[in-house]
Every structure is written in C-alpha cells, then in structure tokens.
Number of protein chains: 2
Amino acid sequence: MRRLLITGAILTAMGGGAATYNGLTFAPAHASERDEIRQVLDRWVEAFRARDIPAVMSIYAPDVVAYDITPPLRFRGIDAYRKDYEDYFDAYDGPVDVELRDVAIVAGKDVAVAFGLERFKGKLKSGDVTDFWARFTSAFRKIDGKWLDVHDHDSVPIDFATGRASLDLKP
Amino acid sequence: MRRLLITGAILTAMGGGAATYNGLTFAPAHASERDEIRQVLDRWVEAFRARDIPAVMSIYAPDVVAYDITPPLRFRGIDAYRKDYEDYFDAYDGPVDVELRDVAIVAGKDVAVAFGLERFKGKLKSGDVTDFWARFTSAFRKIDGKWLDVHDHDSVPIDFATGRASLDLKP
C-alpha cells in the first residue's frame, strides 16, 4: 500500500465497520468506499502541491458548488471554480504546500463526505509568507462508478469582536 | 404537506430521480431520503428561531464535529457544540432569525449532505444589529433508522487583502 499523504489522526476501521475519529465513534461505515475517497483526497493533495490545475480539477463534478475561504459567497460550476484555483496559484511565487490533518470520512455506497483541517503555506508575490490552518468539508457522489467531488467548503473562523479572520489558530 | 421553512431555490425532483440546483443537475438522487433531510433542516430552523437549545441539539449525533463561523477551529462532541450554541444565543437580546436559501440535498441510503446559504439576523446585547449571509454544509448519517447530523460547517468568506470577514456579501 502506498504511503498516504494525509497525516494525523486518520479515520480507522474497527470491528464490523465502525470507525473512530479522535476517540469518537462513527458506525458502521463502508470501508472500501472510504478507501476510495481517501485516494481522491491523496490525488488532490499531490495535484495541489504540483500546482497542476487539470489534475486538481479532475476530482470535481461539472456542477460542483464551492464555498471557498475568500469571496464570493459561492462558486457554481467547474469553470468558475477552476478560475478560483487559477487566481489562488497566480498569487503565489514558487511552491505552495497543503497538509491535511484529522481527516474523517463518512462514506455510503454512492454518497460520501470528508472533512478535516488543512494547513496552507506559501510565499505570495507580494513577498508575504502565508501559513495558516483552515477547515475543509467535501461531498462526493459516485457517478458512473467514479467518485466526484460535488461540493467543497473551505473556511477560516472569524472573530466577531474585531471583524477579523482568525489566521493564527492551531489544532 | 406542511409549508417548508426553507426558502429560495429548493432542490427539485426531476424525471427518474435526477435533481436540479440552480440549473445544475445532480443525478440520480434518493427522493424520500432527501425529503427526510429537508424535514430535519426545517426542525432545526424552527428550533433556532425559538432559541430552543434541546430541540436544536436533537438533530445532532453525540460525536458531531462542527466547524463554526467563530473560533475555535472545531467543536468536538455534542457537549462542546451545545456550549457554542448557548454562547451564541446568550449574545443576543430578543429574537434571532435564520433563513436558508438555495439549499441542495445530496442523499444516499444512509449518508447525506445538505448545503446552502444562510442569513442570520438579530440584535446583540451590545445594541449592534447583525444581518449577514453565511454558508452552511451539514453531513448526516442514518443511525438506527434516524438521520443524525454528524458534521456541521458554517462560515463567512474572508478578504485576505484586509484580513477582514466579508459580512456584506449577498446571494
């Protein structure tokens, strides 16, 4: 089995298919479907690190709806979301890194959800270095035998007292 | 059939179970499971407007993991999440309102995801009136014949140029 790129407390199979996530129990799950979703997440991490837009977009359904860390409220359809990724990578000079942690995968036969924390690092063209933790949730459908991401939600918490993003939080 | 509290472009059934969401097609879906999830969302909206914490919490699994609009990065388990809701309601003087819009429900037999936009309105004890749009994603498992929310993700986009939350966005 190849090494998983996802680090930290991975959802682990237990007994008859129940699974634990940081001491909490999700039961019962579909182990093979969970492995398939894990492979999709791995592919996404590799593609993101390589700044490979076609490989990144290959995990998504044409009608994906995404809620990203930055405005607008939503991106509807793969073309709008591709543009969002392109703008993101364009803002960075050199390598971009992402690390997933504490990933949970809740999988059925044809619908699945993955969620966890993600750390983004890179150097903006402005010279500023970014390094912060965010949260992600992704929903998948199995369409014609292939899992496709139909919905992404990525965010950083905000402090209402100051109106500012909380970019210094750590797991 | 009682009136749905959810407003706006609801996911609608089409042909053999395919469904559209703002002109995009999700196919094929489980219609009865989708209706069950819609009823859970309705119960949540009613409970939220009534500031009824036990009714709000009745939709969640004991091991729910929530990513909320405000810090920390995550709430693990129903007790932590209940405290988050209590703190939220405590900050408001009088009624709180929530409206869901453009809700999509992707349902399988035992795993489902709902996502959409949500508008929060209320008067803080400080006297400030809040009125903003956020995004929500919720994941559900059918456990012992009952759908339970195992994961919530709620957020507002942030503007990286200013480090501020974007609270003035509209659908």
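Just above sits the structure.
Here, residues in each chain are numbered from 1, in the same order as that chain's written sequence. The naming scheme follows written order: chains are lettered A onward, ligands numbered 1 onward. Local features are withheld for residues below a pLDDT of 70 in this predicted model, meaning they are given only at 70 or higher, and side-chain atom pairs are given and counted only at 80 or more; totals for whole chains, interfaces and linings count all residues. Water and hydrogen atoms play no part in the side-chain values, which are based on all heavy atoms of the structure.

### Observations concerning empty space enclosed by the protein
All names here are of chain A. Put simply, the rule reads: Two kinds of site are reported from a 1 Å grid over the protein atoms alone, namely cavities, where a 1.4 Å probe fits but cannot get out, and pockets, open sets with protein on both sides within 12 Å along at least five of seven lines, and residues are called lining when an atom falls within 4 Å of a point. Grid points are joined across faces, edges and corners, and a volume is the space filled by probe spheres set on the points. Only runs of H or I of at least four residues qualify as helices and only runs of E of at least two qualify as strands under DSSP, and these elements are numbered from the N terminus. When residue character is reported, Ala, Val, Leu, Ile, Met, Phe, Trp, Tyr, Cys and Pro are called nonpolar, Asp, Glu, Lys and Arg charged, and the others, Gly included, polar.
Under the definition given, this model contains 1 cavity of 30 Å³ or more. Here the lining of the largest cavity gets 3 residues from one element, more than from any other, and that element is strand 9 (residues 146-155). Taken together, the residues of the lining of the largest cavity break down into 7 nonpolar, 1 polar and 4 charged.

### Quick look at the nonpolar core
Put simply, the rule reads: As used in this record, nonpolar core signifies buried Ala, Val, Leu, Ile, Met, Phe, Trp, Tyr and Cys residues forming a set joined through side-chain atoms within 4.5 Å. For the exposure calls, accessible area comes from a 1.4 Å probe over protein chains only, and a residue counts as buried if that area is under 20% of its type's maximum, exposed if over 50%, partly exposed in between. Here, two residues are considered to be in contact whenever any of their heavy atoms come within 4.5 Å of each other.
By size, the foremost hydrophobic cluster in this structure holds 76 residues, and its most contacted members are W44, Y60 and Y85 of chain A together with W44, Y60 and Y85 of chain B. Excluding residues that lie within four positions of it along the chain, Y60 of chain A makes contacts with W44, I78, Y81, Y85, L148, D149 and D152 of chain A. In terms of nonpolar packing, the next biggest core, distinct from the first, is built from 28 residues, A61, L117, A139 and L148 of chain B among them.

### Details of unusual backbone geometry
Residues and elements named next belong to chain A. Residue P71 is joined to P72 through a cis peptide bond whose omega torsion reads 5 degrees. Here P72 lies in the loop between strand 4 (60-67) and strand 5 (75-76). With a phi angle near 50 degrees, R51 is a residue other than glycine that sits in the positive phi range. Positionally, R51 belongs in the loop between helix 1 (31-49) and helix 2 (53-57).

### Some points on the interface of chain A and chain B
Defined as follows: Defined in terms of a 1.4 Å probe, buried area is the accessible area two parts forfeit on being brought together, summed over both. Any carboxyl oxygen of Asp or Glu that lies within 4 Å of a side-chain nitrogen of Lys or Arg is treated as forming a salt bridge with it.
Listed by partner, the interface residues are 57 residues for chain A and 58 residues for chain B. Across the chain A to chain B interface the summed buried area is about 4900 Å²; carbon plus sulfur atoms make up 63%. Close ionic contact of R74 of chain B with D102 of chain A constitutes a salt bridge, the shortest N to O distance being 2.5 Å. Of all elements in the fold, only strand 3 (24-26), strand 4, strand 6 (92-107), strand 7 (111-124), strand 8 (129-143), strand 9 and strand 11 (164-165) of chain A reach the threshold of two or more residues within the side of chain A that touches chain B. The biggest single contributor to the side of chain A that touches chain B is strand 8 of chain A, with 7 residues. Looking at the side of chain A that touches chain B, its residues break down into 32 nonpolar, 14 polar and 11 charged.

### Thoughts on the sheet that holds strand 5 (residues 75-76) of chain B
All names here are of chain B. Stated formally: Following DSSP output, two strands are said to pair if at least two bridges run between them. All axes are obtained by fitting lines to C-alpha atoms, using only the stretch in contact for helices, and the reported angles, taken between N-to-C directions, cover 0 to 180 degrees.
Read across the open sheet, the 6 strands follow the order 5-4-9-8-7-6; overall the sheet is mixed. Two strands close off the open sheet at either side, each with one partner strand: strand 5 and strand 6 (92-107). As paired elements, strand 4 (residues 60-67) and strand 9 (residues 146-155) share 4 bridges and run parallel to each other. Counterpart to Y60 in the pairing with strand 9 is D149. Running at roughly 170 degrees to strand 6, helix 1 (residues 31-49) makes contact with strand 4, strand 6, strand 7 (111-124), strand 8 (129-143) and strand 9 of the sheet. Contacting strand 4, strand 5, strand 6, strand 7 and strand 9, helix 3 (residues 78-90) runs over the sheet at an angle of about 60 degrees to strand 4.

### Observations regarding the pairing of strand 6 of chain A
Residue and element names in this part refer to chain A. Judged from the 11 bridges that link them, strand 6 and strand 7 form a sheet pairing that is antiparallel. When the bridges of strand 7 are listed, I105 appears paired with A114. Adjacent in sequence and paired antiparallel, strand 6 and strand 7 are bridged by 3 residues.

### Quick notes on the sheet that holds strand 8 of chain A
Residues and elements named next belong to chain A. The mixed open sheet is built from 6 strands, whose spatial order is 5-4-9-8-7-6. A strand with exactly one partner marks an edge of an open sheet, and here the two such strands are strand 5 and strand 6. Each of strand 4, strand 6, strand 7, strand 8 and strand 9 is contacted by helix 1, which is oriented at about 170 degrees to strand 6, the strand it contacts most. Contacts from helix 3 (residues 78-90) reach strand 4, strand 5, strand 6, strand 7 and strand 9, with the element oriented near 60 degrees to strand 4.

### Digging into the environment of R164 of chain B
Just so we agree on the cut-off: Polar contacts, as used here, are pairs of N or O atoms within 3.5 Å; protein pairs need one atom able to donate a hydrogen and one able to accept it. Residues neighboring in sequence count only if both atoms are side-chain atoms.
Note that R164 of chain B resides in strand 11 (residues 164-165). In this structure the C-alpha to C-alpha distance between R164 of chain B and A104 of chain B, which are 60 residues apart in sequence, comes to 28 Å. Ignoring anything within four residues of it in the chain, the contact list for R164 of chain B reads T162, G163, R164 and A165 of chain A together with I158 and D159 of chain B. Within the structure, R164 of chain B has its side chain in polar contact with the backbone oxygen of T162 of chain A (distance 3.2 Å).

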